[in-house]
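Here are the chains, one letter per residue:
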Amino acid sequence: MSANIGFVGLGTMGLPMASNLARAGFAVKGFDLSASATEALVEAGGTSAASAAEAARDAGFIITMLPTAKHIEAALFNASGIVETIAAGSIFINMSTILPEETDRIASALGERNITMIDAPVGRSAIEAARGALLILSSGAPEAMKRAQSVFDVIGNQTIDCGALGNGSRVKVINNFMGVSLNALTAEALTLAEASGLDIRLALEVMRGTIAGIGHMRVTYPNKVLKGDLIAGFPVDLAHKDLGLALQLAAQVNVPIYMGSAAAQTYSIVRASGRGRQDYTAVYPVLRELAGLPQEIPYDASGDVEYNPFASDR
């Protein structure tokens, strides 16, 4: 591989990403305010740049992995910024997680300078970054994304084409909303298990064998509400009742469960709408209605591959 890459932002995620690119044979020139970070990149086979502009000079791809949009805009447009040296035909790739409106603003400013941008935030953690196993959420012009695929193949093990520029940021923010919220709920569940006198290993074993650990996105929703099927596999009334039992147990053992308490209110709203006998995924159409979305869910299930984690042959 002969492509030159300028990499700005060598933090917890950026350093392993840049290091993997250098080890794969790309000529990687990195810039970071931390001297120890740039030294680590040099040890991995990259080179150090004194500024973002220097990192971008002669680079076919310029990647930013920075904390906020403010940092990205500074790296791009401030003195000694990327736009001072980026060459015609080069591609700017932002892999940081920022608001969609911030992505749109940056893309607009770069478009005025005829600079091609790809919005490609990443999923998963620093562990996967070190292994080169990130999920790349790429969005932008198809030809630009095709050119960047050789870079993405080193950084990650899966790239999803999210379509128009900015969609990567949109889906990343929503994904993180779910993941971070579920993290809090997981902490509540394990704390409640321990406070109730259970071994955490027992709680893990049980929940890994149910939807609690396997996930609604993978099993419940594609098999029920997204197919338009609200015949109760687990009715709203029972979900509301069982959640109430958990709240009572938490009160008895003095465990605060904020996420569970908020969920109980949601199920109360669903029951009040007359859906108590429907499947508990009826929470979804109720929330859609409250958000003013059309009654029909715009989902085509024809391409789904059936996934049954409870099949006897597994």
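Above this text you will find the structure in question.
All of the points below concern the structure found in this document.

Rules used in this analysis
- Residues numbered from 1 in each chain as written.
- Predicted model: local features only at pLDDT ≥ 70, side-chain atom pairs only at ≥ 80, totals over all residues.
- Heavy atoms only, no water.
- Buried < 20%, exposed > 50% of the residue type's maximum accessible area, 1.4 Å probe, protein only.
- Helix = DSSP H or I, 4+ residues; strand = E, 2+ residues; numbered from the N terminus.
- Axes fitted to C-alpha atoms, helices over the stretch in contact; angles between N-to-C directions.
- Parallel < 35°, antiparallel > 145°, perpendicular 65-115°, else oblique.
- Left-handed = near helix turned anticlockwise from the far one by under 90°.
- Contact = heavy atoms within 4.5 Å.
- Pairing = 2+ DSSP bridges.
- Right-handed = clockwise from strand over helix to strand, strands pointing away.
- Salt bridge = Lys/Arg side-chain N within 4 Å of Asp/Glu carboxyl O.

Observations concerning unusual backbone geometry
One non-glycine residue, N114, lies in positive phi territory at about 60°. Looking at N114, the relative accessible area reads 73%, which means it is exposed. We note that N254 has phi near 60°; this positive angle belongs to a residue other than glycine. Its location among the elements puts N254 in the loop between α12 (236–252) and α13 (258–272).

Quick word on the packing of helix α1 (residues 14–23) against helix α7 (residues 142–155)
Contact geometry of α1 with α7 gives a least axis separation of 9 Å together with a crossing angle of 110°. Classified by the angle their axes make, α1 and α7 are roughly perpendicular. As α1 packs across α7, the resulting crossing turns out to be right-handed. Side by side, α1 and α7 meet where M17, N20 and L21 of the first sit next to V151, V154 and I155 of the second.

Focus on the pairing of strand β6 (residues 116–119)
One ladder, built from 4 bridges, connects strand β5 (residues 91–94) with β6; its direction is parallel. Opposite N94, over in β6, you have D119 as the bridge partner. Remark: the β5/helix α5 (residues 100–111)/β6 crossover connection has right-handed handedness.

Remarks on α1
Along α1, 9 of the 10 residues are buried, which leaves the element largely enclosed by surrounding structure. Looking one or two residues beyond α1, the residue adopting positive phi is G25, at roughly 110°.

Some thoughts on the sheet that holds strand β7 (residues 122–123)
Paired through their backbone hydrogen bonds, the strands of a sheet run either parallel or antiparallel. The strand order across the open sheet formed by 3 strands is β7-β8-β9, and the pairing between neighbours is mixed. Taken across any chain shown, the strands that pair with only one partner, and hence form the sheet edges, are β7 and β9 (156–161). In terms of strand pairing, β7 meets strand β8 (residues 134–138) through 2 bridges, oriented antiparallel. By the bridge assignment for β8, V122 is matched with I136. Sheet strands touched by α7: β8 and β9. Its angle to β9, the strand with the most contacts, is close to 150°.

Structural notes on the pattern of salt bridges
Scanning the model with the defined rule gives 7 salt bridges in all. The partner of E73 in a salt bridge is R105, with the nearest N and O atoms 2.8 Å apart. On the criterion of sequence distance, the pair formed by E73 in helix α4 (residues 69–77) and R105 in helix α5 is long-range, its members being 32 residues apart. Notably, a salt bridge pairs K224 with D229, separated by 3.2 Å at the nearest N-O pair.

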